Each structure stands twice: as C-alpha cells, then as structure tokens.
Amino acid sequence: MQQATRKRSVLVVSKTPSLAEITRTALGNEIEVKNAASREEALQMISKTRPDVVVLGYLEPPGEVTDLCRELKEGWISRHSSLIVVELDSREDSHRIACGEDFEVGIGEYNFLAGASSPLVPKELLLPRLKQTIERMLRERENKLKASITRPDGFCLIWEQIPGLGAFELRQESVLANARKAARGGKVCAISVTDNPGGNPAIANEVLSAEIRKQGIEPLVHIAFRDRSRNQCESLLYQLAAMGINNLLVLTGDYPSTRGFQGTSRPVFDLDSVNGLQLISAMNRGMEHEIMRKKTTLAPTDFFCGVAFSPFKQEEAEVLGQYYKLKKKIEAGADFVITQVGYDARKLHELVLWLKLHEYKIPVLISDYVLPPAAARAMHANHVPGCVVTDKLLARITRESAGADKGRQARLERAARLYAIARGMGFSGASVSGQDLPYDDVEHVIGKGEELAPFWPGLVRDFDYPQQKGFYLFEKDEKTGLNREALAPRTQKPYHSPVYYFSRAVHTVVFDPGSPLFGAMSRLAPFVDRSDLPKKVLGSFEFWSKSALYGCQNCGDCALYDVAYLCPVSQCPKDQRNGPCGGSFEGWCEIYHNQKKCIWVRAYRRLKSQGREDTIGEEIVPPCDWQLWQTSSWLNFYMGRDHLSKKLGIKPPGGAHPKDTGAGKTTSP
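Scoring rules and cut-offs
Residues numbered from 1 in each chain as written. Predicted model: local features only at pLDDT ≥ 70, side-chain atom pairs only at ≥ 80, totals over all residues. Heavy atoms only, no water. Helix = DSSP H or I, 4+ residues; strand = E, 2+ residues; numbered from the N terminus. Rg over C-alpha atoms; globule rule 2.2 N^0.38 Å. Buried < 20%, exposed > 50% of the residue type's maximum accessible area, 1.4 Å probe, protein only. Contact = heavy atoms within 4.5 Å. Axes fitted to C-alpha atoms, helices over the stretch in contact; angles between N-to-C directions. Parallel < 35°, antiparallel > 145°, perpendicular 65-115°, else oblique. Nonpolar A, V, L, I, M, F, W, Y, C, P; charged D, E, K, R; others polar. Phe/Tyr/Trp six-rings, centres within 6.5 Å; stacked < 30°, edge-to-face > 60°. Lys NZ or Arg CZ within 6 Å of the ring centre and 35° of its normal. Core = buried A, V, L, I, M, F, W, Y, C linked by side-chain atoms within 4.5 Å. Pairing = 2+ DSSP bridges. Right-handed = clockwise from strand over helix to strand, strands pointing away. Salt bridge = Lys/Arg side-chain N within 4 Å of Asp/Glu carboxyl O. pLDDT = per-residue confidence, 0-100. Left-handed = near helix turned anticlockwise from the far one by under 90°. Bend = angle between axes of the 7 residues up to and from the residue. Polar contact = N/O pair within 3.5 Å; in protein donor to acceptor, adjacent residues only side chain to side chain.

### Some thoughts on the overall build of the chain
A count of helical and extended segments in the chain gives 22 helices and 21 strands. Taking 26 Å as the expected radius of gyration for a compact globule of 669 residues, we find that the chain reaches 29 Å, a close match to that expectation. Taken along its principal axes, the extent of the C-alpha atoms in the chain is 90 × 75 × 50 Å. Counting only residues that meet the buried cut, the chain has 52% of its 669 residues in that class. Intrachain contacts of the chain at a sequence separation of at least 6 include 71% that bridge at least 24 residues.

### Some words on the packing of helix H13 (residues 391-400) against helix H14 (residues 408-425)
For the pair H13 and H14, the least separation of the axes is 10 Å and the interaxial angle reads 135°. With respect to their mutual orientation, H13 and H14 come out oblique. Seen from H13, the contacting residues are Leu393, Arg396, Ile397 and Glu400; seen from H14, they are Ala410, Arg414 and Arg417. Its residues placed into classes, the contact of H13 with H14 shows three nonpolar, no polar and four charged.

### Some thoughts on the packing of aromatic side chains
Enumeration over the complete set of coordinates arrives at 18 aromatic pairs. Summarising the aromatic geometry, the rings of Phe155 and Tyr419 are spaced 4.9 Å apart at their centres and angled 70° between planes, so their arrangement reads as edge-to-face. Here Phe155 is found in the loop between helix H5 (144-150) and strand E9 (156-161), whereas its partner Tyr419 is found in helix H14, with 264 residues between them in sequence. Exposure class is identical for Phe155 and Tyr419. Each is buried. Ring plane angle 40° and centroid distance 5.5 Å describe the contact between Trp354 and Tyr360, whose orientation is recorded as tilted. On the accessibility criterion, Tyr360 (19% relative accessible area) is buried. Taken together, the ring pairs connect Phe511, Phe518, Phe541, Trp634, Phe637 and Tyr638 into an aromatic cluster. The cationic tip of Arg346 hangs over the ring face of Tyr472; the distance from NZ or CZ to the ring centre is 3.8 Å. Cation over ring: Lys597 sits above Trp588, and NZ or CZ is 4.5 Å from the ring centre.

### A word on the nonpolar core
Ranked by size, the top nonpolar core spans 115 residues in total, and within it Leu248, Tyr343, Leu351, Trp354 and Leu371 carry the most contacts. Those residues in contact with Trp354 that lie beyond four places of it in its chain are Tyr323, Leu326, Lys327, Ile330, Tyr360, Leu473 and Phe474.

### Remarks on the side chain of Thr252
Tracing the backbone through its elements, the reader meets Thr252 in the loop between strand E12 (247-251) and helix H9 (273-285). Those residues in contact with Thr252, other than ones at most four positions away along the chain, are Ala224, Phe225, Arg226, Phe269, Asp272, Ser273, Lys325, Lys574 and Gln576.

### Concerning the sheet that holds strand E10 (residues 190-193)
Here eight strands make up a closed barrel; going around it, the order is E9-E10-E11-E12-E15-E16-E17-E18 and the pairing parallel. Taken over all neighbouring pairs, the strand axes of this sheet differ in orientation by 30° on average, direction set aside. Across four bridges, E12 lies against strand E15 (residues 304-309) in parallel orientation. Bridge pairing in E15 places Leu248 opposite Cys305. Strand contacts of helix H6 (residues 170-185): E9 and E10, with the helix running at about 165° to E9, the strand carrying the most contacts. Along the sheet face, H9 touches E12 and E15 and points at about 150° away from the line of E12.

### Some words on the pairing of E10
Taking every second residue as pointing to the same face, both faces of E10 are buried, with Ala190 and Ser192 on one and Ile191 and Val193 on the other. Inspection of the sheet shows E9 paired to E10 by four bridges, in the parallel sense. Residue Gln161 lies in a different strand from E10, and its bridge partner there is Val193. Note that the unit made of E9, H6 and E10 has a crossover that is right-handed. Regarding topology, helix H7 (residues 205-214) serves as the crossover connection from E10 to the parallel strand E11 (residues 218-224), and that connection is right-handed.

### A few points about the pattern of salt bridges
Applying the stated criterion across every chain yields a total of 33 salt bridges. Of the charged contacts, one joins Arg396 and Glu400 as a salt bridge, the two residues approaching to 3.3 Å between their closest N and O atoms. Taken together, the residues span about one helical turn, with Arg396 and Glu400 both in helix H13 at a distance of four residues. Judged by relative accessible area, which is 28%, Arg396 ranks as partly exposed. A relative accessible area of 19% places Glu400 in the buried class. The partner of Arg490 in a salt bridge is Asp614, with the nearest N and O atoms 3.1 Å apart. On the criterion of sequence distance, the pair formed by Arg490 in the loop between strand E20 (483-487) and helix H16 (498-511) and Asp614 in the loop between helix H20 (599-608) and helix H21 (633-638) is long-range, its members being 124 residues apart.

### Topic: the environment of Leu517
Of note, Leu517 is situated in helix H17 (residues 516-530). Apart from the residues lying within four places of it in its own chain, the contact partners of Leu517 are Val509 and Val510.

### Comments concerning the confidence of the model for the chain
Averaged over the chain, the pLDDT score is 89; the fraction of residues at 70 or greater is 91%. For the chain, per-element mean pLDDT is lowest for strand E21 (residues 666-667), which scores 32, and highest for strand E16 (residues 336-339), which scores 98. Across residues 105-117, confidence stays below pLDDT 50; counting only partners more than four residues off in sequence or on other chains, it has 32 contacts. Note that pLDDT drops below 50 for residues 656-669; the model gives that stretch 21 contacts with residues more than four away or on any other chain.

### Quick look at the pairing of strand E1 (residues 9-13)
A regular strand places its side chains on the two faces of the sheet in alternate fashion. Burial of E1 is extensive: five of the five residues sit out of reach of the surface. Neither face of E1 is left uncovered, since the one carrying Ser9, Leu11 and Val13 and the one carrying Val10 and Val12 both have all their residues buried. Judged from the five bridges that link them, E1 and strand E2 (residues 32-36) form a sheet pairing that is parallel. The residue of E2 that forms the bridge with Val10 is Val33.

### Some details on the packing of helix H8 (residues 230-242) against H9
Pairs of packed helices are described in terms of their axes, by the angle between the two and the distance that separates them. Axis separation between H8 and H9 bottoms out at 11 Å; the angle between their running directions is 45°. Classified by the angle between their axes, H8 and H9 sit oblique to one another. As H8 runs across H9, the sense of the crossing is right-handed. In this structure, H8 uses Cys233, Glu234, Leu237 and Tyr238 to contact H9, whose residues at the interface are Leu279, Ile280 and Met283. Considering only residue class, the contact of H8 with H9 consists of six nonpolar, no polar and one charged.

### Considerations on H17
Along its length, H17 shows its largest kink, about 30°, at Leu524, and proline Pro526 lies within four residues downstream of that point. If you check which residues of H17 are buried, you get Phe518, Ala525, Pro526, Val528 and Asp529. Along its buried surface, H17 packs onto H16, helix H18 (532-550) and H21.

### Describing the side chain of Ser14
Note on placement: Ser14 falls in the loop between E1 and helix H1 (18-27). Note on Ser14: relative accessible area 1%, which makes it buried. Of the polar contacts made by the side chain of Ser14, one reaches the backbone oxygen of Thr16; its length is 3.1 Å. Discounting residues that sit within four places of it in the chain, Ser14 has contacts with Leu19, Asn35, Ala36, Ala37, Gly57, Tyr58 and Leu59.

The structure is reproduced here in structure tokens:
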C-alpha cells in the first residue's frame, strides 16, 4: 500500500472574494483553492491545512496585509508556505504580483527589492500572470526525487555519499562539494546520505542533508533503526518534516561496530523497517496522539519512503525470507525500493518477475557500486553485510587490477553495463556509489550506460556470477541467460523440530480461542492477575520452562508464535519479528557467522515441514510493548494486553489495562 499523495493547495487571503475566483479560474480543478477573508481566519486555516502557496490580496484596516505578511514569514508553520502578494495601484486598475523572495516587509509598507518584483500589469493580464507565478512556485516546491522516480518513462539517478567521523573533517566538506557538482551537472536526482554506515559513528546525516538542500539538490536521508528508540525515531521524523526534508530510506541498519566510544554501542532495534514504515504512514495520514486522555490529530507529513531489498541471497530460506519481508514493507507503505549491492543479472530479473507476479507497481532502483579491488575483497569476505561478490567476480577484478590503471576503466565499464541492464529491464533508476567516487566518474557511468542501454540483452552474460549452490526463485531461460516466468522447485529440506511440534500442540490446546482450555484459562486469569503469590508462581513457572525451551528473556509480549517458536529477543541480535534483515550470509546470522543460523532461516525450515512457510509474509507483527517487560506473557495474553491477543480480539476483563491510561499513549488512526 503506497502512500497517498497530499493534494496541492493555495490559500487566498482577501476581503474581496474576486481574487479567490480569479485564482480558481487560473489554476483549474487540479489545485485546491481556499479563501480566507481576515487575518484571524487565515492563520487558523494555515495551521490546519498548511497550504503550498498563500496569496495575499486586499485586507482591512490599512496596513493589515503588511502585518500579516511579516507574521507569515516569521511563523513556525506559515513560513513553510510560499508567499505571493497581489497589490493594487492607487487607481485600482492594475496590479503588482510579488513573491516572498521579491520583497521585504518594512514598517507600514512593502519594500520591493530592486529589479526583483513584477511590474504593474493591467487587470486583464492578472489571471495569466497569477497562474504563471503560482505554477512556478509549485514547481519549485515539488519533490524532484519523487517526481523523477514515479515518472513512468523516467530513469532516476541517485548518488550515495558516506559521511564520516567528526564535525569539521574533510569528508564532510567532500560530501557538500559533491552535492554542488551534482546540482550543477543536472543528471543526478538526489544525494543519498547514509546513517552511521557499517554501524560506525558518524556526523548526523540530517545535518548534512539540510546543507545539501542549500546546494540545490534533493537529499535522500537514510534512517537506520539500530540506534534509536521509537520515541527518538518519531522525534527525528518531526525534525525532518519541519526542515522540509521528505525523502527517506528506511532501514533496520547494520549491527553496531566495535569502534564506538570505549567499545561497542548497545544496539537498540526497537523498531524494524516494517514497523518504521507503519509509523511514517501514520504520520503521513495525520497521526493521532492521546495525552492526558485528550486526543490530538497532528498535521499530516509528506514523507516519500524507500526501502532496501536484497535479491542476492544464496539459500532458498534466505531468498524467500527477503521476498516475504518485501511484501510486508510494501503493505506497510513503502513508496520505492533500492536493491543491495550484487552483480547477478538473474537475481535482478527475479525481482522484476516477482513484482509482476504479485501485481505490485512500486518503482525499483538498483545499487550500482563502482567496485574497486579492496571493496571487492571486503564484500567477498562478508565484511560488508548484504553485499555479494562471488569467487568468480573477485578473480576477474583481481586480474583487472593488475593493469596500468589498476582496473579503473574496467570497473567504470562494469558499472555502465549494469546501468544499461537496469534501463533495459525496466527499473526506475539506479543508486550509484563507490568509495571516494568523483563526479566525473558518475557522469561517465551515466553517459556510457545510456549509450549501451539499447543493447542491454547482449550484456547479460557479463553478469553471470551465481553463488555456489545458490537458489533461484524462477527457472532459468538458457536462451537469454535470465529467467522464465515459471517458479523453480523449492528443494531445501524442511526441519522436523520436536520443540516446534510440541509448541504448536500446546498453543492449539491452551491458547487457541476455540480450544477447550481457553475458556477456563480466561476465567482463571483475572484472579491470578489480582493476586501477588499466584501471579509470582505462574510467572516463575513460565519463565523457567520457556527459558529451557526457547531462551526466554521474559519480555512479556511474546513473539514465539510469529517466528515458528524461536525467540527473536534472545536468538536474533536485531530482534527481527517481521522477517530477516539483509545481513545474513549463506544462511548464517550476520553477527554469528559460522556459529548460528539466522533464526528466519530456521523458522522457514520449521514451517516448511508443515507446508506453512508462506505464512511468514502474511501478518505484520508490531514491535514489543516494553511496558510488559518482565511480566507473564501468558497472563498478558488472556488479559488482552499483548499483541497476539489484540490481533485475536481478546478484550481485557473490565476494560483497559491500568498502564494504558498513562500520559503520552500513542495510537494510530
């Protein structure tokens, strides 16, 4: 479910209704035009509707327009609207149209900047001049990245920049210099700014993104949920909306590195990328907050959200896990997708076919990394989670690097050919990146890629880098080197886990609302919940039994049911409840490579033993409710307090849980 686009609007503030009628006639039906007859009415409407453009006409008493103009330019909400003044001359037979940047507000008058304001025009020319001015201002306010990505025949180029440590370092200077070059070049739609890449500390990317906007190009801000609680995420989103930064790439994030101050930072992972998208979708609709039992609906935001996706996985369970999670991301409100780094044309083509199979129209950009030998070795060794470089590709890059230019031309040509393939396959763009990649090289990739695009089928064989024993979702088309529109057989063996079968049986008998014991337990639960000793005994029994079977951490909002009876709190370093992160490698956990399998790989194999593996993509699981921490999840289930009971419609006996009345409770509309 992609985000709804907020309708553009214009507010006309004038004592006489004729200016509003002229504006409606000029703009037609595509742009909503509203009218306010006074200063008070205008301020009230601006705070509620946040119009794109405010047109000030005639107001009484004299000087009211000047005062209102000053107030709008200084106001926290109103300064986000573009401002136009339509001024009558002394004979009232001609008008002057001036934009906010064309004048300053003096004392009791407008001070039009020399040469900047429009000249007086006759009344009959007011309509076309007003139409031209408003449409220009709306174009200037347009989200150019969004317009480029969503244009059916377009191909959007994003250039990724990596901020570094420190506030006054040359890397930050380089990011802004690159943004200036890209803005002048006109071929790049946006500058993508990473968020503590590799789990390392770096300057806050929202700071650099604000500076990038000043260079005349759109920023794409990465938001990794690794380091933030849900409150911090929400606060950051308010900040970005207030700054007019609306393009986001929503990520779970790499696990924290060992380079933090005096050791490794504590990971947060309070929200995953799916839950984060739900939060942003709620904000775009106008989120409802309840504070001290009073409901308030916040002004809608206008975020345009992308997500990352890796089609370059090896095992069947990994591949399907990524697609199950992508399905949830799309349903949670993703507007576009950017793939991880990989060089297998079949895997890219699989994504095209999967979207077609499921009738998803979401735009997708590929990651086009200009790959030098050092980065290739790091990716091959799985030191850059999610990025895939096979033995065959590494060997080729090593041979190329022996040349006089150390392989520079070869890697630029590879990036250009990948660009051309993306163009030919119907992708919506590419995110070009590379360590210390100069702008001239970006232009070379674009130019050569456009030149090669008509011949893209002949380039597919250049990206035949399959992983050893790698699973493909579709059958191979030997003629093209890509895929046929036929699903490949799923051959990975299921795992018949005794713990899984036992847990399923217990759930069916005790926790299924249709089971014989459910009614009895529902009647017993309120008594236990009110009594300290029975509650303590039940809680201890639950904790120790679940600790032995699942490594329970006593979170109180149990997700065992959602992950095939594997505990994401104790067994997943990122506490992923909606599917795997993008960091697994050959089935192993990103953090515990060659030690622990990814819990979603294990969950897939458990579910496959009953033919239920596709259920992974069916339900979006909410994040843990931390007010239930260190309480009995069994009691919370029967008392209607945890996420599973709410999904099943189990109501709390006698009303809401006492903790639910606390100040600051948030609900989604």
